[in-house]
Structure formats: structure tokens, C-alpha cells
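# Descriptive structure summary
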Amino acid sequence: MAESITLFLLAALVWLWFDSMRARERALALGKRACARDGLMFLDETVECVALGVGRDGEGRMAVRRTYGFEFSDTGNNRRSGSIVMLGGEVESLNTEPFLLQ
């Protein structure tokens with residue numbers, strides 16, 4: 001019985017890791033696209049997971065909610081913060097600090 005539980009927990013951790021990598025890649029692409037759309041510089045070419053939790057999607061199903069942070073620049077001389085919230089594999093929100101319009 002203990003082996004079955006251990007195997008199940010290991011499989012759940014592997015699934016969480018792969019699902020997190022897929023969500024991270026999507027958040028990275030969305031952050032780059034949002035910065036390009038607004039004429040901003042996407043800094044460091046990366047996002048970082050700053051929060052992990054559970055939420056319900058539009059159909060009421062439980063899903064993993066991940067918040068990714070990233071940095072961008074509007075002038076090239078500063079750093080501003082942004083965040084992307086992913087619920088499961090879908091984007092829940094994308095927020096940026098106020099920036100100068102070019």
C-alpha cells in the first residue's frame with residue numbers, strides 16, 4: 001500500500017512539474033508579445049513564478065493558478081514590473097506598471 005501511495009505522489013509531482021513548464025512557456029510568450037505590442041523592451045527574456053495556488057475556472061472546475069512576474073522597460077533606462085496570472089493553461093490576467101507612451 002505504501003508503495004502505491006509513493007508512486008501516486010511521485011506521478012503527481014512529475015505532472016505538476018511538466019504542467020508548470022508548459023504554463024511558464026506560455027506566460028513567457030505572452031509577456032514578450034505584450035511588450036512588443038506596446039513598444040516596450042522585455043527584460044532578461046524570462047518570467048518567474050511568484051505565487052502558486054488553486055482556483056476555479058469559468059466552468060467551476062479546480063485548476064492550478066500560477067502568477068508569473070517579469071520586468072520591462074519603456075525608456076531603456078529603467079525597470080518596471082509586470083505580472084501574468086495563469087489559471088490552468090489559460091491567461092486570467094496580464095498587468096503592467098504604468099509606463100510612458102512612445
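The coordinates are above.
Cut-off values and rules
Residues numbered from 1 in each chain as written. Predicted model: local features only at pLDDT ≥ 70, side-chain atom pairs only at ≥ 80, totals over all residues. Heavy atoms only, no water. Core = buried A, V, L, I, M, F, W, Y, C linked by side-chain atoms within 4.5 Å. Buried < 20%, exposed > 50% of the residue type's maximum accessible area, 1.4 Å probe, protein only. Helix = DSSP H or I, 4+ residues; strand = E, 2+ residues; numbered from the N terminus. Phe/Tyr/Trp six-rings, centres within 6.5 Å; stacked < 30°, edge-to-face > 60°. Pairing = 2+ DSSP bridges.

### Quick word on the nonpolar core
Within the largest apolar cluster, 13 residues are counted, with the highest numbers of intra-cluster contacts made by V47 and F70. When contributions to this core are tallied by element, the ones reaching two or more residues are α1 (2–37), β1 (41–56), β2 (62–73) and β3 (80–87). Of the residues forming this core, the biggest block, five residues, is contributed by α1.

### Examining the environment of A51
Position of A51 among the secondary structure elements: in strand β1. The spatial distance from the C-alpha of A51 to the C-alpha of A34 is 21 Å, given a sequence separation of 17 residues.

### Focus on the packing of aromatic side chains
One pass over the structure, following the stated rule, counts three aromatic pairs. Between W17 and F18, the ring centres sit 5.0 Å apart and the planes meet at 70 degrees, which makes this aromatic pair edge-to-face. Put simply, the rings of F42, F70 and F72 touch in pairs and so form one group of aromatic residues.

### Structural notes on unusual backbone geometry
Although it is not a glycine, D44 sits at a positive phi angle of roughly 65 degrees. Checked against the element boundaries, D44 lands in strand β1. A positive phi angle, close to 50 degrees, is found at E45, a residue other than glycine. Mapped onto the elements, E45 comes out in strand β1.

### Observations concerning the pairing of β3
Of all eight residues in β3, six are buried; the element is thus mostly enclosed. Note that β2 and β3 share eight bridges and pair antiparallel. If you follow Y68 over to β3, its bridge partner there is I84. Hairpin connection from β2 to β3: six residues lie between these consecutive antiparallel strands, with G76 at a positive phi of about 95 degrees. As defined by bridge partners, β3 adjoins strand β4 (residues 90–96) across six bridges and the pair is classed as antiparallel. Each bridged residue has a counterpart across the sheet, and for L87 the counterpart in β4 is E90. As consecutive antiparallel partners, β3 and β4 are separated by two residues, and within that stretch G88 has a phi angle of approximately 70 degrees, a positive value.

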